[in-house]
Amino acid sequence: MEEFERSTLKSVGHPRFIPKAKPVSENLERRLWQELEQIALIDPHSHINPHAAASKNLGDILGYHYYTELAHSAGFPRELIEQEGITPKEKVRRLVPELKKIRNTYQYRWLMEICWDFFGFESSDLTESNWEALYDASEQQMASSDWEQKVLTQSRLEGVFLTNDFDDPLTGFDTQFYIPCLRTDDLVFHLSLHKTRQRLAQATGVEVTSSNTLRQALGKLFDHFCAHGAKACAISLPPDFAPEPVTDADIAQVVEKMFASSSDYDLTNEQRRLVSNYVFWKLTEFCADHGLPFDLMIGVNRGVYQAGVYQGRDLYDRRTSLFQYKSLLNAFPQVTFPISVLDHTANPELVSYAWIFPNVVVNGHWWYSNLPAYIHADCQSRLQGVPISKQIGYYSDMYKLEFALPKFRMYRKVLSKILAQDFVQDRGWSEEQALRLGQELLRGNVERIFKIG
Amino acid sequence: MEEFERSTLKSVGHPRFIPKAKPVSENLERRLWQELEQIALIDPHSHINPHAAASKNLGDILGYHYYTELAHSAGFPRELIEQEGITPKEKVRRLVPELKKIRNTYQYRWLMEICWDFFGFESSDLTESNWEALYDASEQQMASSDWEQKVLTQSRLEGVFLTNDFDDPLTGFDTQFYIPCLRTDDLVFHLSLHKTRQRLAQATGVEVTSSNTLRQALGKLFDHFCAHGAKACAISLPPDFAPEPVTDADIAQVVEKMFASSSDYDLTNEQRRLVSNYVFWKLTEFCADHGLPFDLMIGVNRGVYQAGVYQGRDLYDRRTSLFQYKSLLNAFPQVTFPISVLDHTANPELVSYAWIFPNVVVNGHWWYSNLPAYIHADCQSRLQGVPISKQIGYYSDMYKLEFALPKFRMYRKVLSKILAQDFVQDRGWSEEQALRLGQELLRGNVERIFKIG
Amino acid sequence: MEEFERSTLKSVGHPRFIPKAKPVSENLERRLWQELEQIALIDPHSHINPHAAASKNLGDILGYHYYTELAHSAGFPRELIEQEGITPKEKVRRLVPELKKIRNTYQYRWLMEICWDFFGFESSDLTESNWEALYDASEQQMASSDWEQKVLTQSRLEGVFLTNDFDDPLTGFDTQFYIPCLRTDDLVFHLSLHKTRQRLAQATGVEVTSSNTLRQALGKLFDHFCAHGAKACAISLPPDFAPEPVTDADIAQVVEKMFASSSDYDLTNEQRRLVSNYVFWKLTEFCADHGLPFDLMIGVNRGVYQAGVYQGRDLYDRRTSLFQYKSLLNAFPQVTFPISVLDHTANPELVSYAWIFPNVVVNGHWWYSNLPAYIHADCQSRLQGVPISKQIGYYSDMYKLEFALPKFRMYRKVLSKILAQDFVQDRGWSEEQALRLGQELLRGNVERIFKIG
């Protein structure tokens, strides 16, 4: 079933572990990559708006925070990027000259692959002299009524997870394809805002007056989401979050007062901790009741750079540990936690925790860790130390559909290098075996872990 | 303006992202690896029981916590793995179907190399259809009276360090080959347990009533171990441990009361810290007196996953630093500290501390860091920044002899890659020079640092 | 004894360091490296004494702390290295036998490249049998009146940043070539020392009696440095430093008392924090006023190893984060902060902060992170995630001019690997494009960021 190089170097042991001689290892890598490109995907985490999933023009594409924040970081004024009332075309006109400062980045590579693959762009770079023709031509292509379908087909996407506000009605789109996911940051961290409590009341019809009615309201959200085919609950968490159970008694008074208030409510730090912990723990209980995995995206501090562009203000403090989740992981053996870490250096801990805890699944390569150099190191160690059934290879995190293709391609290229080197070359696996591993990472595990189909 | 390889593989997309072909130098790497395989070893850290060093059946091998914990992590119930009264063969029967979920792991690779190398197994994987024949055949092989010797010879082992309880009589085996090492976790962290104090009394004949008699008892242990050829003292330490000297006066009262108690003794956190620090510091003084290196294995939190399988419950908190050992490293210039770190991201600190402190030696690749991807990065930086004389390349940490071969082979393969790339290719070293470096890492330094022979 | 490929590319240096041919893709890497070697440099950070920039003998070279600390770490007594009154030749005689313990280190490689490139040394290693001839011959070469110029020319150095004490008169040398940089550690951390306050009074003529006059004195330093062509301010910072603004009122009393004192002044921990923060914040304000970048070198604990050799006593605590600089980075958008981190595992945070904050620039590979393995990982992720305009590739940190050549060569080799693999091979860039990237990292960005020429 496998091919081994029948080495004559018997002295060292069984030929099975003799690494293959590797002239032309690149052809192997390329071959594997091309096979991996054929695997159809269900993207397990995105920010797609199912009512406007594809881009309408290059402005939608260059408006992705990766480009605005990098242009801003390289010196372009936020005021010019975010000026009220400018057209998408004007925004692109302004951003294009800044791109030369970020041509080295891999984010720029995504942009060019979109231009090459979807729009047939023939130049190696987007410049002041060629952008406008591309803008106009691509706008026409994107105006086609089947553009969304064309992007999905070319990207081999067969399902896309969303990130839905807790009060999203979840209607008007195909929830079999655009799969709802209950995003819970607002509930855990922003109940002190009057607006959040209002939204909760409107979404659930429950008038919260106590921890008991708060729990009822949260339960209604899960009923609503599960009735509309939700397959996951998700949250992003700051580096200092350390969930512990909180009793109803601990929280009773503050919940009562907060929900009685008709404005934003001032919490002390300890009250804030109690409310966050209480709600987070209750959400996890509902995940258990409804059989939903709970995606934990660990490590983001919001608003660190106050003068940043939209969505370009968040960073992190690397002094955080999965040890902070000890109580949670022990308390909920029946809940699967696909975990993403923002800081690349948190990956070894994630590998170790997923290696030991049955309910910890490693999940993709998030945001600041979504660079090929980090993906390579992270993916390599995960494949060496974590059961394959507990690994979700990649998610796009995209806001517009066109980004799935270059982002997943980045991952597939890294994966092909690792499969070629570590598995086929070093361990003597057949290419077929290696590709089956890739299939699990890219597709099989997503279906199984999120119970799809 | 750019050159692209005009691939004909149009199906995957624009030719722009087709990687270019690239050729070889694997023969060099393979040659070095085969030479490294010839180096005979003294394994500087294991958990071998010298009275039952080799395995008796596949159950001993698959019972290694790496397999039980990975199977459990992948979803197999602990109750089925650890059920009372099942035979070794029944345990293997249960575990084999779970192996397909961990075929990607390098731990599985160790297992297969054992099957291939020691038992002549011819299949690429252990499956439900082939395990039983292997079980029976291998059990016969292991029943041979020279099995232990056969394993040692084939593994090129010429000495194996043990991990001995402080009350181990150290008799009934060849201490020249199975070298005693005084393991001290119980003394430092579990003196509050009545059983530990009883064992200490029985082992030393000293009735501890004061810090003075406690010191006497500890001294007796060192006398006993050194009389039986012990070559090291060792301990594993939690991430928050930060040793500082403690005076006899600080500890007098709690020692007196604790040892007067005939049950487990409740220590406050501060008392616990004082007792641990006191005993640890005294042990280090005895290491100084007896010329013993003190192996510090830094970073493990015990029992993090409470429902885990035996030996599969420990994890860590990466928020730890070697800076916590500043006082110790300054206070004991005469004691050599071979240091292992549990968290891969602690390796750069270890490199820096070994680069500066004469008494810090880098020691192997421990437990969760014992994966080829981590070993490669760690070994590479150690070779670039730490004097060669201060590096112990690898230890097996094994419980059964059969594991030395695949574990050391994993290390030798990584090392051959680094020697080939960094030393022969990039620095122009001769292969002979590179192999001398490997010889020091694998054998020479072990002999010198632990004063063997 | 070793085989070297006798390359005909004499222009780049002695054939000894030309890596061996490695079929195809290596030729690309080598070609890129040789082109990178041609780029003339302005070294943006060194400790060169402009009045004695080049070495006078091998003692100056082997006296570099990298060699003394590594020899000491490998077991050589400090007393023998630092004995009063020994000649440079005697020091070299003592150190040479120790070198065999550190031949594996990359620091040793720098030494050999200096011997090969500058002195025409023909042996592969410096040994007890060949050092003295080299010592004598090289001392003659270094005695030549044009030695400094020869080193500069051969190293392609066209400018060298200094590290000047705040009371340096900055006279007697060409400040266009040896560019002043105001080093401020003493002001921020050692104002409690009487000697520091005396030096400040002497340098500025300001009698400090209040926070107001303290600010005046600091302002005078900036006037003096800028009048003499300073292009940067710089400081090294401990891992627990977390700058916050301090009001004049907060600091008034302690400043008054401290400056009234005629001896070293005892500060409480809180006073120490206030004074450091106040001075640091004022320095940053002056950087803003004078348009000077402020080099932050983050993470060093001084004097961790008390018995270490000169300059070989400092280490770090990896529990630190750039999050500690949140207030500063937000408060001073107009100040450019080239940031270096001491701990390799801090690099991902640095990449993320430079990706978001316009005023954060990644700066070189500092001290314990200045090893090829770390440089490779750090440089690769920086190139993937940070705008190219915000990256200073490398600085020498040297004390003697001869070290620029091997240190920058180490960087150029790593860079050539990354350009070959990640850009030309994986992204299909032309070699010309890749080299333009290298040009920015090595030269262009230094000129632009520090406003030179």
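Residues numbered from 1 in each chain as written. Chains lettered and ligands numbered in written order. Predicted model: local features only at pLDDT ≥ 70, side-chain atom pairs only at ≥ 80, totals over all residues. Heavy atoms only, no water.

(A) Examining the overall build of chain A more closely. Across its full length, chain A holds 18 helices and nine strands. Relative to a compact globule of 453 residues, whose C-alpha radius of gyration would be 22 Å, chain A shows 24 Å and is just as compact. Each principal axis of the C-alpha distribution contributes one length, and for chain A these read about 80 × 60 × 40 Å. Put simply, chain A has 453 residues, and 65% of those count as buried. In chain A, once contacts between residues fewer than 6 apart in sequence are set aside, the share between residues at least 24 apart is 77%. (Helix = DSSP H or I, 4+ residues; strand = E, 2+ residues; numbered from the N terminus. Rg over C-alpha atoms; globule rule 2.2 N^0.38 Å. Buried < 20%, exposed > 50% of the residue type's maximum accessible area, 1.4 Å probe, protein only. Contact = heavy atoms within 4.5 Å.)

(B) Molecular detail of the relation of the copies chain B and chain C. Mapping chain B onto chain C calls for a rotation angle of 120° and an axial translation of 0.0 Å; the resulting RMSD is 0.0 Å. Between the two chains, the operation in question is that of a three-fold axis. (Least-squares fit on C-alpha atoms with pLDDT ≥ 70 in both.)

(C) Structural view of the interface of chain B and chain C. On the side of chain C, 60 residues touch chain B, which itself brings 58 residues to the contact. Broken down residue by residue, the surface that chain B buries against chain C is led by Trp-355, Ile-356 and Gln-384 of chain B, which jointly contribute 16%. Counting the contacts that link chain B with chain C gives three salt bridges. Across the pair Asp-426 of chain B and Lys-417 of chain C runs a salt bridge, and its minimum N-O distance is 2.8 Å. Linking chain B with chain C are 27 residue pairs in polar contact (both at pLDDT 80 or more). (Buried area = accessible area lost by both parts, 1.4 Å probe. Salt bridge = Lys/Arg side-chain N within 4 Å of Asp/Glu carboxyl O. Polar contact = N/O pair within 3.5 Å; in protein donor to acceptor, adjacent residues only side chain to side chain.)

(D) Region of the structure containing the packing of helix 3 (residues 65-73) of chain A against helix 6 (residues 106-119) of chain A. Residues and elements named next belong to chain A. Where helix 3 contacts helix 6, the two axes come as close as 10 Å, and the packing angle between them is 130°. As judged from the angle between their axes, helix 3 and helix 6 are oblique. For the element pair helix 3 and helix 6, the recorded crossing hand is left-handed. Within the contact between the two elements, helix 3 uses Tyr-66, Tyr-67 and Leu-70 and helix 6 uses Gln-107, Tyr-108, Trp-110 and Leu-111. (Axes fitted to C-alpha atoms, helices over the stretch in contact; angles between N-to-C directions. Parallel < 35°, antiparallel > 145°, perpendicular 65-115°, else oblique. Left-handed = near helix turned anticlockwise from the far one by under 90°.)

(E) Highlighting the pattern of salt bridges. In total, this model carries 80 salt bridges over all chains according to the counting rule given. Asp-186 of chain A serves as the salt-bridge partner of Arg-199 of chain A, at 2.9 Å between the closest nitrogen and oxygen. On the criterion of sequence distance, the pair formed by Arg-199 of chain A in helix 10 (residues 194-204) and Asp-186 of chain A in helix 9 (residues 185-189) is long-range, its members being 13 residues apart. One connected set of salt bridges, linked through shared partners, spans Lys-89, Glu-90, Arg-93, Arg-94, Glu-132 and Asp-136 of chain C.

(F) Broad picture of the sheet that holds strand 3 (residues 178-179) of chain B. Residue and element names in this part refer to chain B. Spatially, three strands are ordered 1-2-3 in an open sheet, and the strand pairing comes out parallel. The sheet is open, and its two borders are formed by strand 1 (41-43) and strand 3, each paired with just one other strand. Two elements, strand 2 (residues 157-161) and strand 3, share two bridges in a ladder whose sense is parallel. When the sheet's bridge partners are listed, Phe-161 is paired in strand 3 with Ile-179. The strands that helix 18 (residues 431-449) touches are strand 1 and strand 2; relative to strand 1, the one it contacts most, it runs at about 60°. (Pairing = 2+ DSSP bridges.)

(G) Broad picture of the packing of aromatic side chains. Inspection of the entire model under this criterion finds 81 aromatic pairs over all chains. Put simply, the rings of Tyr-64, Tyr-66, Tyr-67, Trp-110, Tyr-316, Trp-366, Trp-367, Tyr-368, Tyr-399 and Phe-403 of chain A together with Trp-355 of chain C pair up and form one aromatic cluster. (Phe/Tyr/Trp six-rings, centres within 6.5 Å; stacked < 30°, edge-to-face > 60°.)

(H) Just the sheet that holds strand 4 (residues 181-183) of chain B, in detail. All names here are of chain B. On the basis of which strands lie adjacent, the open sheet formed by six strands has the order 4-5-6-7-8-9 and parallel pairing. Two strands lie at the open edges of the sheet, namely strand 4 and strand 9 (391-392), each paired on one side alone. Strands in contact with helix 13 (residues 269-290) are strand 5 (232-237), strand 6 (294-298) and strand 7 (337-341); relative to strand 6, the strand with the most contacts, it is inclined by about 145°. In the packing of helix 15 (residues 347-356) onto the sheet, the strands contacted are strand 7 and strand 8 (360-363), and the crossing angle to strand 8 comes to about 145°.

(I) Up close: helix 6 of chain A. Counted at 1.5 Å a residue, the expected span for helix 6 of chain A with its 14 residues is 20 Å, and the 19 Å between its end C-alpha atoms agrees. Within two residues after helix 6 of chain A, Gly-120 of chain A carries a phi angle of roughly 65°, on the positive side. (Expected span 1.5 Å × (residues − 1).)

(J) Up close: the pairing of strand 6 of chain B. Residue and element names in this part refer to chain B. With five of its five residues buried, strand 6 lies for the most part within the structure. Burial along strand 6 is two-sided: the face carrying Phe-294, Leu-296 and Ile-298 and the face carrying Asp-295 and Met-297 are both buried. Two elements, strand 5 and strand 6, share five bridges in a ladder whose sense is parallel. Residue pairing across strands places Ser-236 opposite Met-297, the latter belonging to strand 6. Note that strand 6 and strand 7 share three bridges and pair parallel. In the strand pairing of strand 7, Leu-296 is matched with Ile-339.

(K) Focus on the side chain of Asp-378 of chain C. All names here are of chain C. Position of Asp-378 relative to the elements: it lies in helix 16 (residues 372-385). At 4.6 Å, Arg-382 is the nearest oppositely charged side chain to Asp-378, a buried residue that forms no salt bridge. Sequence-distant contacts of Asp-378, that is, excluding residues within four places in its chain, are made with His-344, Asn-347 and His-365. (Lys, Arg positive; Asp, Glu negative; His and termini not counted.)

(L) View of the nonpolar core. Core analysis: the biggest nonpolar cluster contains 448 residues, and Leu-296 and Leu-401 of chain A, Leu-296 and Leu-401 of chain B together with Leu-296 and Leu-401 of chain C have the highest contact counts within it. Residues in contact with Leu-296 of chain A, not counting those within four places in the same chain, are Ile-235, Leu-237, Phe-280, Tyr-325, Leu-328, Phe-337, Pro-338, Ile-339 and Ser-340 of chain A. (Core = buried A, V, L, I, M, F, W, Y, C linked by side-chain atoms within 4.5 Å.)

(M) Expanded view of the confidence of the model for chain A. All names here are of chain A. Across chain A, the average pLDDT comes to 94, with 94% of residues at or above 70. Counted against residues more than four places away or in other chains, residues 1-24, with its pLDDT under 50, gives 73 contacts. Confidence metrics for the complex model read pTM 0.95 and ipTM 0.95. (pLDDT = per-residue confidence, 0-100.)

(N) Up close: unusual backbone geometry. At Trp-367 of chain A, a residue that is not glycine, the phi angle is positive and equals roughly 55°. Take Trp-367 of chain A: its relative accessible area is 7%, and that puts it in the buried class.

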